[in-house]
Amino acid sequence: MRNQLALIGISIALIVTQTSTSALGQFNYDEAKVPKFELPKLLVSASGKKIATAADWKKVRRPEIFKLFQDEMYGAAPGRPEGMTFKVFESSDKALGGKATRKQVRVQFVKDNEDAWMDILIYTPNKVKGAVPGFLGLNFNGNHSVVNDPAIPVTPRWVRSNGKGVVKNKASEAGRGGNASRWAIDSILDAGYALITVYCGDLDEDYKGNFQNGVQPLFYKKGQTEPSPSQWGTISVWAWGLSRTMDYLETDDDIDHKKIAVMGHSRLGKTALWAGASDERFAIVISNNSGCGGAALSRREFGETVRRINTSFPHWFCGNFKKYNDNVNALPIDQHMLVALIAPRPAYIASAVEDRWADPRGEFLSAKHAEPVYALFEDGATGVGAKKWPGVDKPVSGIMGYHIRTGAHDVTEYDWQQYIHFANRHFGR
Ligand code: GTR
């Protein structure tokens, strides 16, 4: 009897974890319940023309798809502001026990507004002479959280304290080095790369219902109080900040700006993908556990859905994206098309087994369905390097790369080992 009860308990628990109504709302973790869907066609233009060459992709189809992502999902961002300035406010060639040179750069976005800035933190390896390639990524909690280094000022901005209701907190000394496990700085420097990072909150603090913080107001027209339905949401603002960082890197002789891999985790992985799609100066694009609104196919509705993300984080995407909350199939795009916008540049997509919320299989499928675009650029292109979703801890790669790692939603040393290896291969190192 007791055994039977235990069995019933286990089966109920299984059902609950497959399809669940909880604080997160209704969501599906059962592959059998993924709806049947048809992806929008990558290689047929809006006017019905078949796209069969790289030239037609670049001239006709890519701009069409880019505009759809811009107007319907992430929102349009302005270009480089006039009068933007860069100032190295701190540097030392004796950082991290003499292993690295640290440089901190204040970017002031517009003239006469000293409150509108972001700080770039850069470490370059001392053992390498000349310009080095680099990994660039936004961080979640302030530059001081990335490395335990007392020379980095604690950000004066707000940071999210957790994802469970408490949405903001002032950063403090206690957070110094708090996210260091996500940045593998020793491996990055040892492999001869720079690590370049910016706090996403310098661009837009991550909480809903306030369109006055962040950089958007700098660009409002007279009388405007929030972005229009097709103008930038927070992810697009963050991606804009990555482009402004690239503007600086182009001026820094210590950095090989033609060899920058833009990388991001989770919401910042969504951001890295959109940055890579919007700005072709990024040579490699890496999405770590980016999930819904990142690499995962929206139409699978596995884990986090469009409705769910637009409800929890209405500020991340533009107003127009809300139109698809109850009708994801009406979206003229899906996320394989975002990966395709990165072609022919290498893209790497990583999942984690326990991170079902991000739909690992859907993340892999985006790369897979982007392959036909890569093939336009190179006959017999290797795509993601696997016919089927690979096993756990079995990285695959061609022009794109993918792995699903043991463990939870996070960035680990293992993930970085794959990114370094991938970058080495593509940068011919
Ligand atoms: C979750 C969100 C995901 C992901 C994640 C993160 O709450 O649902 O889309 O972005 O946050 O950024 O850590």
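Given the structure is predicted, the values throughout are model-derived calculations rather than measurements.

Visitor: Mind showing me how you'd approach the overall build of the chain here?
Guide: A count of helices and strands for the chain gives 9 helices and 14 strands. In terms of overall dimensions, the chain has a C-alpha envelope of 65 × 60 × 50 Å along the principal axes. Pairs at least 24 apart in sequence give 68% of the contacts found in the chain among residues at least 6 apart. Of the accessible surface of the chain, which amounts to about 18,300 Å², a share of 54% is contributed by carbon and sulfur atoms. Here the chain contributes 53 positive and 46 negative side-chain charges, whose respective centroids are spaced 3 Å apart.

Visitor: Quick question: what am I supposed to make of unusual backbone geometry here?
Guide: Trans is the prevailing form of peptide bonds, just as negative phi is the prevailing case for residues other than glycine. Following alanine 343, the chain continues to proline 344 via a peptide bond in cis, the omega torsion being 5°. Position of proline 344 relative to the elements: it lies in the loop between helix H7 (335-342) and strand E12 (347-352). Located in the positive-phi region is aspartate 112, a residue other than glycine, with phi close to 60°. By the element assignment, aspartate 112 lies in the loop between strand E4 (100-108) and strand E5 (117-125). In the Ramachandran plot, asparagine 289 falls in the positive-phi region, its phi being about 50° despite a non-glycine side chain. With respect to the secondary-structure elements, asparagine 289 resides in the loop between strand E11 (284-288) and helix H6 (306-312).

Visitor: Is there a simple way to think about the pattern of salt bridges in this case?
Guide: Pairing of side chains with opposite charge becomes possible as their charged atoms draw close. Following the criterion strictly, the structure yields 31 salt bridges and no others. For lysine 49, the salt bridge goes to aspartate 56, with nearest N and O atoms at 3.1 Å.

Visitor: Explain the nonpolar core to me, please; I cannot follow it from the model alone.
Guide: Side chains of a nonpolar character, in soluble globular proteins, are inclined to be buried together. Trp57, Phe69, Phe109, Ile120, Ile196, Leu203 and Leu249 are the most contacted members of the largest nonpolar core, which has 85 residues in total. With 9 residues, helix H4 (residues 234-249) is the single largest residue contributor to this core. Each of domain 1 (5-74 + 290-409) and domain 2 (85-229) accounts for three or more of the residues forming this core. Residues within four places of isoleucine 120 in sequence aside, it is in contact with Lys103, Gln104, Val105, Val107, Asn143, Ile196, Thr197, Val198, Thr245 and Tyr248. Core analysis: the next-biggest nonpolar cluster, separate from the first, contains 29 residues, Ala95, Tyr123, Leu195 and Phe422 among them.

Visitor: Quick question: what am I supposed to make of the domain arrangement of the chain here?
Guide: When the parts of a complex come together, some accessible area is lost, and that lost area is often used as the size of the interface. The assigned domain composition of the chain is domain 1 (5-74 + 290-409) and domain 2 (85-229). Facing the 11 residues of domain 1 at the interface are 6 residues of domain 2. Counting each side, the surface lost to burial between domain 1 and domain 2 is near 560 Å², with a carbon and sulfur contribution of 48%. Remark: the boundary between domain 1 and domain 2 carries 0 salt bridges. Viewed at the interface, domain 2 and domain 1 are joined by 4 residue pairs in polar contact (both at pLDDT 80 or more). Here the side of domain 1 that touches domain 2 is built from residues that sort into 4 nonpolar, 6 polar and 1 charged.

Visitor: Sorry if this is basic, but what is going on with the site of the ligand here?
Guide: Lining the immediate environment of the ligand, one finds Phe140, Ser266, Arg267, Lys270, Glu304, Ile309, Phe313, Trp316, Trp357 and His409. Within the side chain of serine 266, a nitrogen or oxygen atom sits 2.6 Å from an oxygen atom of the ligand. Contacts to the ligand include lysine 270, whose side-chain N or O atom sits 2.8 Å from an oxygen atom. Contact with the protein chains removes 80% of the 320 Å² of surface that the ligand exposes when unbound. Looking at side-chain class alone, the shell around the ligand contains 5 nonpolar, 2 polar and 3 charged residues.

Visitor: How should I be thinking about the pairing of E12 in this particular structure?
Guide: For a regular strand, the rule is simple: side chains alternate between the two faces of the sheet. The buried count for E12 comes to 6 of 6 residues, which makes it a mostly enclosed element. A two-sided burial pattern is seen for E12, the buried positions comprising Ala347, Ile349 and Ser351 on one face and Tyr348, Ala350 and Ala352 on the other. With 4 bridges connecting them, E11 and E12 associate as parallel partners. Looking at the pairing, valine 285 lines up with alanine 347 of E12. Judged from the 5 bridges that link them, E12 and strand E14 (residues 401-405) form a sheet pairing that is parallel. Paired with alanine 352 across the strands is arginine 405, a residue of E14.

Visitor: Explain the packing of H4 against helix H5 (residues 267-278) here, please?
Guide: Packed helices, taken two at a time, are described by the angle their axes make and the gap between the axes. With their axes 8 Å apart at the nearest point, H4 and H5 run at an angle of 60° to one another. It follows that H4 is oblique to H5 by the angle criterion. Considering only the axes of H4 and H5, their crossing is right-handed. Here Ile235, Ser236, Trp238, Ala239 and Leu242 of H4 come into contact with H5, specifically with Arg267, Leu268, Lys270, Thr271, Trp274 and Ala275. By residue class, the composition of the contact of H4 with H5 is 7 nonpolar, 2 polar and 2 charged.

Visitor: What is the right way to look at helix H8 (residues 360-377) in this model?
Guide: For an α-helix, 3.6 residues make a turn, and residues three or four places apart therefore share a direction. An ideal rise of 1.5 Å per residue puts 26 Å on 18 residues; H8 measures up with 27 Å between its terminal C-alpha atoms. The principal kink in H8, of about 40°, is found at glutamate 371, preceding the proline proline 372 by one to four residues. Listed as buried for H8 are Pro360, Gly362, Glu363, Phe364, Ser366, Ala367, Ala370, Glu371, Val373, Tyr374 and Leu376. Its buried side turned inward, H8 meets helix H2 (54-74), H7, E12 and E14.

Rules used throughout
- Residues numbered from 1 in each chain as written.
- Predicted model: local features only at pLDDT ≥ 70, side-chain atom pairs only at ≥ 80, totals over all residues.
- Heavy atoms only, no water.
- Helix = DSSP H or I, 4+ residues; strand = E, 2+ residues; numbered from the N terminus.
- Contact = heavy atoms within 4.5 Å.
- Areas by Shrake-Rupley, 256 points an atom, 1.4 Å probe, with all protein chains shown as cover.
- Lys, Arg positive; Asp, Glu negative; His and termini not counted.
- Charge placed at Lys NZ, Arg CZ, Asp CG, Glu CD.
- Salt bridge = Lys/Arg side-chain N within 4 Å of Asp/Glu carboxyl O.
- Core = buried A, V, L, I, M, F, W, Y, C linked by side-chain atoms within 4.5 Å.
- Buried < 20%, exposed > 50% of the residue type's maximum accessible area, 1.4 Å probe, protein only.
- Domains from an automatic or database assignment.
- Buried area = accessible area lost by both parts, 1.4 Å probe.
- Polar contact = N/O pair within 3.5 Å; in protein donor to acceptor, adjacent residues only side chain to side chain.
- Nonpolar A, V, L, I, M, F, W, Y, C, P; charged D, E, K, R; others polar.
- Near = heavy atom within 4 Å.
- Pairing = 2+ DSSP bridges.
- Axes fitted to C-alpha atoms, helices over the stretch in contact; angles between N-to-C directions.
- Parallel < 35°, antiparallel > 145°, perpendicular 65-115°, else oblique.
- Left-handed = near helix turned anticlockwise from the far one by under 90°.
- Expected span 1.5 Å × (residues − 1).
- Bend = angle between axes of the 7 residues up to and from the residue.

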